[in-house]
Amino acid sequence: MDQKDIMKPTIELSTGRLHLRPIQLSDARELWSYRSDRVANRYQGWIPGSIEDAEQFISERVSPVLNVNGTWFQFAVILRANGRMIGDIGLHFFDNANRQVELGCTLGTGYQGCGYATEALMEVIRYLFGTLDKHRLIASIDPENLKSIHLFERLGFRKEGHFRKCRLQDGQWIDDLIFALLREEMAP
């Protein structure tokens, strides 16, 4: 991969109500505040037990650059009206040809059901297909997470597979649904 293909984390995206920017260590308290709710985030693979866990996640597991194969990059989702961080969007660059990306989205419970996830993800999808020239996007979803299933279906994703008891989470084997969207399937 050429150096020009690696995007520095200065990338920022905006919608009518939201601002998306790379997550920063200073976001750890906000990240912890909405991700530590075990009931609301029961479908998440990672729930921080402390602010220190959130700091460690940001500093050790999140890539400081965008578009690097084998890494996760995290956008902070900021409400433009008040500057508050209300969620995050993770991008997993997992394909050796660097043409596919896995998406994940978490919003604080008080901000769910307001269209923020749809708005933020649509902007990220446009960026990934348009600017970064990605071929295929996927989302890995717990079959019981109906809200996320409906969200990705609204975004145009289709279910590609149902894998039985394929992920070990909190000591239990759980199923996984894979939803995908190809660039040519993206609505204009």
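Here, the structure is the one placed above.
Note that this is a predicted model, so its numbers are computed, not measured.

1. Things to note about the sheet that holds strand β2 (residues 18-22)
Spatial strand order, β1-β2-β3-β4-β5-β6-β8-β7: eight strands in an open sheet with mixed pairing. Sheet topology places β1 (13-14) and β7 (158-169) at the edges, where each strand pairs with a single neighbour. Taken together, the five bridges between β2 and strand β3 (residues 71-79) define a ladder with antiparallel strand orientation. Residue pairing in the sheet places P22 in a bridge with F75 of β3. Docked against the sheet, helix α1 (residues 28-35) engages β3, β4 (85-93) and β5 (100-107), running at close to 95 degrees with respect to β4.

2. Topic: the environment of T118
By the element assignment, T118 lies in helix α3 (residues 116-130). Along the primary structure T118 and F152 are separated by 34 residues, whereas in three dimensions their C-alpha atoms are 8.3 Å apart. Apart from the residues within four sequence positions on either side, T118 is in contact with L151, R154 and L155.

3. Some thoughts on the packing of aromatic side chains
Enumeration according to the criterion identifies four aromatic pairs in this entry. A centroid spacing of 5.0 Å and a plane angle of 85 degrees characterise the contact between F152 and F157, whose relative ring orientation is edge-to-face. Assessed through its relative accessible area of 4%, F152 is described here as buried. Given the relative accessible area of 4%, F157 is considered buried.

4. Digging into the environment of D142
With respect to the secondary-structure elements, D142 resides in the loop between β6 (136-141) and α4 (146-154). Sequence-wise, D142 and T106 are 36 residues apart; in three dimensions their C-alpha atoms are separated by 14 Å. Every residue in contact with D142, bar those within four places of it in the chain, is listed here: Y43, I149, I174 and D175. Only 2.8 Å separates the side chain of D142 from the backbone nitrogen of E144, close enough to count as a polar contact.

5. Looking at the nonpolar core
Residues L91 and L103 are the most contacted members of the largest nonpolar core, which totals 38 residues. When residues of this core are traced back to their parent elements, those giving at least two are β2, β3, β4, β5, α3, β6, α4 and β8 (172-182). The leading source of residues in this core is α3, at nine residues. When sequence neighbours within four positions are dropped, the list of residues in contact with L103 reads G90, L91, L121, V124, I125, L128, L137, I138, A139, F152 and F157. Within the second largest apolar cluster, 13 residues are counted, among which are Y34, W46, V62 and A76.

Calculation notes
- Residues numbered from 1 in each chain as written.
- Predicted model: local features only at pLDDT ≥ 70, side-chain atom pairs only at ≥ 80, totals over all residues.
- Heavy atoms only, no water.
- Pairing = 2+ DSSP bridges.
- Helix = DSSP H or I, 4+ residues; strand = E, 2+ residues; numbered from the N terminus.
- Contact = heavy atoms within 4.5 Å.
- Axes fitted to C-alpha atoms, helices over the stretch in contact; angles between N-to-C directions.
- Phe/Tyr/Trp six-rings, centres within 6.5 Å; stacked < 30°, edge-to-face > 60°.
- Buried < 20%, exposed > 50% of the residue type's maximum accessible area, 1.4 Å probe, protein only.
- Polar contact = N/O pair within 3.5 Å; in protein donor to acceptor, adjacent residues only side chain to side chain.
- Core = buried A, V, L, I, M, F, W, Y, C linked by side-chain atoms within 4.5 Å.

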